[in-house]
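Topology and contacts: notes
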Amino acid sequence: MAGRKVITTQVAIVGGGPAGLMLSHLLAKEGIDSTVIELRSRQEISETVRAGILEHGTVNLLVDSGVSDRVLRDGDRHDGIELRFNGESHRIDFQDLVGESVWLYPQTDVFMDLAARREADGGDVRYSATDTSIHGIHGGSPTVWFTDADGTDYELRADFIAGADGSRSHCRMQIPEADRKWYFHEYPFAWFGILAEAPRSSEELIYANSANGFALISQRTETVQRMYFQCDPGEDVNNWDDERIWEAFRSRVNGNGFELKEGPVIDKTVLKFRSFVHTPMRHGKLFLAGDAAHTVPPTGAKGLNLAIQDVRVLFEGLDSFYKTGSTRLLDVYSDRALDRVWKAQHFSYWMTSMLHTPAEADDFSRARQLGELNSVVSSRHGRAYLAEAYTGWPAGR
Ligand code: DHB
């Protein structure tokens, strides 16, 4: 085999999803060089249906760093959500409670904005790479081996590697077992997610708890809506025709004068979920960010927001190192990032357990759950707790 072509950069970024591209963008603005390696094609990532809620801090970072103001023009600002249970809706008014909002702007659009901006700025992003592997993270000179879309083999030499390669992270797997701890939690449910051609049923998101299970009514456009209902993790989408799907939604959401607007289902998937955290988020010259280090259940839409927060903190560490030579902020990267990761783990777990109905729920657990929901919506403190977590905690230590 002919030798690998050697190229060098300051930060090698494995993973060209929103986290990897955002890191590359922030570094470029400070004159720090990076190369991004991504296994999927740009088109494939652009076509993946993902969650849609951005915290105000995520939106500010996109707009203030000049990625795009499309989120402000094309996204929808949401000043609250509705919690629906026992046939009644209860509004959580974010603006009144904590003076903040979130934006409904799909993660896919965040990716497209970042990809366009990196391209316009001449960023080095290698989509459709194959045979990616990382080396030398324990010692002084980390490298990433990969084959680019044209079939050329490369050795990318860098000062640091950022592992932003998603929940099935190759980077994470290179960290010796003795040097890391994994935390897991499995849930006995999954989400059946659909896109439907229908008008909006509600201006705001509805998180609905019912004896028949959870449902989430979200939106995409005037004519396409995104919705989810709780299902068994082993569910097969092929067993669900439109009528059966709508019946599941009706039995969880409709009632007391509220009726969902229905229409043809144009996409259906089962989303399996679990909680996972890898600690510490750094090993030698390798820094993990986003889903590579942690996954949360989707209830509350924290996944992308956490990834962007990791990147912000990692960027601060790298920027400080290149400007001053000090590793102090890099040394505290893992602790700083994990502070928010565990808050989000708790919030996602709490929203999931408060809103979903276990198949084996007995009378006590059902009545207790309604007591919990009532204790949140009937108290300003309870609503404010939810609002602060949902819209995003202030930037950490
Ligand atoms: C969406 C997904 C979520 O997990 C959530 O909590 C809210 C909205 C969405 O895809 O729109």
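1. Focus: the pattern of salt bridges
If you walk through the whole model with that rule in mind, you get 26 salt bridges. Across the pair K343 and D339 runs a salt bridge, and its minimum N-O distance is 3.6 Å. Residue K343 and its partner D339 are both found in helix α11 (residues 333-355); the two are separated by four residues, about one turn of the helix. For K343, a relative accessible area of 35% translates into the label partly exposed. Residues participating in the shared-partner salt-bridge network are R70, D74, D109 and D113.

2. Observations regarding the sheet that holds strand β18 (residues 265-279)
Read across the open sheet, the eight strands follow the order β7-β6-β15-β16-β17-β14-β18-β21; overall the sheet is mixed. If you trace the sheet from one side to the other, it starts and ends with β7 (88-93) and β21 (294-295), each paired once. Relative to β18, strand β14 (residues 181-197) is paired through 13 bridges, and the arrangement is antiparallel. In the strand pairing of β18, K181 is matched with T279.

3. Looking at the environment of A389
Here A389 lies in helix α13 (residues 380-391). Of the residues examined, A389 reaches a relative accessible area of 0% and is grouped as buried. It is 24 Å that separates the C-alpha atoms of A389 and P188, two residues lying 201 residues apart in sequence. Residues within four places of A389 in sequence aside, it is in contact with K302 and F347.

4. Overview of the site of the ligand
Close to the ligand lie 15 residues, the nearest being Y207, S218, R220, Y228 and P298. Contacts to the ligand include Y228, whose side-chain N or O atom sits 2.6 Å from an oxygen atom. One of the backbone N or O atoms of A301 is found 3.3 Å from an oxygen atom in the ligand. Contact with the protein chains removes 99% of the 300 Å² of surface that the ligand exposes when unbound. Classifying every residue of the shell around the ligand gives ten nonpolar, three polar and two charged. In this structure, the shell around the ligand is formed jointly by two domains, domain 1 (5-57 + 107-185 + 275-359) and domain 2 (188-271), each of which donates at least three residues.

5. Here's the deal with the layout of surface pockets
As a volume, the second largest pocket reaches approximately 310 Å³. Around the second largest pocket, the lining is made up of 17 residues, and of these Y105, P106, D109, R220 and T221 lie nearest the centre. Its residues assigned to classes, the lining of the second largest pocket comprises five nonpolar, five polar and seven charged. Built from parts of two domains, the lining of the second largest pocket gets at least three residues from each of domain 1 (5-57 + 107-185 + 275-359) and domain 2 (188-271).

6. Considerations on the domain arrangement of the protein
The domains assigned to the protein are domain 1 (5-57 + 107-185 + 275-359) and domain 2 (188-271). Domain 1 and domain 2 are separated by 31 Å when their C-alpha centres are compared. On the domain 2 side, the residues contacting the 15 residues of domain 1 number 16 residues. Together, the buried faces of domain 1 and domain 2 total about 1,200 Å²; carbon and sulfur atoms form 66% of this surface. For the domain 1 face of the interface with domain 2, the top three residues by lost area are L355, H356 and T357, together amounting to 44%. Summed over the shared surface of domain 1 and domain 2, the result is zero salt bridges.

7. Concerning the packing of aromatic side chains
Tallied over the entire structure, the rule returns 28 aromatic pairs. Ring centres 5.2 Å apart and planes at 40 degrees place the aromatic pair F184 and F276 in the tilted group. Of the two residues, F184 is situated in strand β14 and F276 in strand β18; the sequence distance between them amounts to 92 residues. For F276, a relative accessible area of 1% puts it in the buried group. Ring centres of W191 and F273 lie 6.0 Å apart, and the angle between their planes is 80 degrees; this geometry places the pair in the edge-to-face category. Remark: F273 occurs in strand β18 and W191 occurs in strand β14; sequence separation between them is 82 residues. Directly above the ring of W393 sits K302, whose terminal nitrogen or CZ lies 5.5 Å from the centroid.

Analysis parameters
Residues numbered from 1 in each chain as written. Predicted model: local features only at pLDDT ≥ 70, side-chain atom pairs only at ≥ 80, totals over all residues. Heavy atoms only, no water. Salt bridge = Lys/Arg side-chain N within 4 Å of Asp/Glu carboxyl O. Helix = DSSP H or I, 4+ residues; strand = E, 2+ residues; numbered from the N terminus. Buried < 20%, exposed > 50% of the residue type's maximum accessible area, 1.4 Å probe, protein only. Pairing = 2+ DSSP bridges. Contact = heavy atoms within 4.5 Å. Near = heavy atom within 4 Å. Polar contact = N/O pair within 3.5 Å; in protein donor to acceptor, adjacent residues only side chain to side chain. Areas by Shrake-Rupley, 256 points an atom, 1.4 Å probe, with all protein chains shown as cover. Nonpolar A, V, L, I, M, F, W, Y, C, P; charged D, E, K, R; others polar. Domains from an automatic or database assignment. 1 Å grid on protein atoms, 1.4 Å probe; cavity = no way out; pocket = protein on both sides within 12 Å on 5 of 7 lines; lining within 4 Å. Points joined across faces, edges and corners; volume = space filled by probe spheres on them. Buried area = accessible area lost by both parts, 1.4 Å probe. Phe/Tyr/Trp six-rings, centres within 6.5 Å; stacked < 30°, edge-to-face > 60°. Lys NZ or Arg CZ within 6 Å of the ring centre and 35° of its normal.

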